[in-house]
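Structure at a glance
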Amino acid sequence: MLEELKEEFIIKKVGGRFKLSTLIQKRLVALNAGSRPLVEMNSDNKMEIVLEEIKQDKIFLDTSNELRTAADGDVMIKSFDAMMSDEL
């Protein structure tokens, strides 16, 4: 799984190592907050789920580095800050 992070195709697909790191972090936060996986997998490992979502073009960063999903007509996934402010 972590070997996939070293492969150049996934780094280029996202637009660089920094963007890949940002995308992974934002999606892990969303999954930990209760967001459902966008891929079918026989794994509960959230990192594996995120990497598979990236490989299948299910998630990406928009031009303002916000996490977006290709499902549901490109609906933006709430950022962690937005989710926290909703709870207050």
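To keep things clear, this report deals only with the structure shown in the data block. Small disclaimer: the values here were computed from a predicted structure and weren't measured.

The rules we used
Residues numbered from 1 in each chain as written. Predicted model: local features only at pLDDT ≥ 70, side-chain atom pairs only at ≥ 80, totals over all residues. Heavy atoms only, no water. Buried < 20%, exposed > 50% of the residue type's maximum accessible area, 1.4 Å probe, protein only. Helix = DSSP H or I, 4+ residues; strand = E, 2+ residues; numbered from the N terminus. Polar contact = N/O pair within 3.5 Å; in protein donor to acceptor, adjacent residues only side chain to side chain. Core = buried A, V, L, I, M, F, W, Y, C linked by side-chain atoms within 4.5 Å. Axes fitted to C-alpha atoms, helices over the stretch in contact; angles between N-to-C directions. Parallel < 35°, antiparallel > 145°, perpendicular 65-115°, else oblique. Left-handed = near helix turned anticlockwise from the far one by under 90°. Contact = heavy atoms within 4.5 Å.

Quick look at helix α3 (residues 46–55)
The complete set of buried residues in α3 reads M47, I49, V50, L51, E53 and I54. The opening residue of α3, the one whose side-chain oxygen lies 2.9 Å from the backbone nitrogen of M47, is N45.

Here's the deal with the nonpolar core
Counting 17 residues, the largest nonpolar core has I10, L20, L23, I24, V50, I54 and I59 as its most contacted members. Within the residue set of this core, elements represented by two or more residues are α1 (8–14), α2 (17–32), α3 and β1 (59–61).

Section: the side chain of T69
Looking at where T69 falls in the secondary structure, it is placed in strand β2 (residues 67–69). By relative accessible area, T69 is classed as buried at 6%.

So, the packing of α2 against α3
Packed helices, taken two at a time, are described by the angle their axes make and the gap between the axes. One can describe the packing of α2 onto α3 by two numbers: an axis separation of 10 Å at closest approach and a directional angle of 125 degrees. It follows from the interaxial angle that α2 and α3 lie oblique. The crossing of α2 and α3 is right-handed. In this structure, α2 contributes L20, L23, I24, R27, L28, L31 and N32 to the contact, and α3 contributes K46, M47, I49, V50, L51, E53 and I54.

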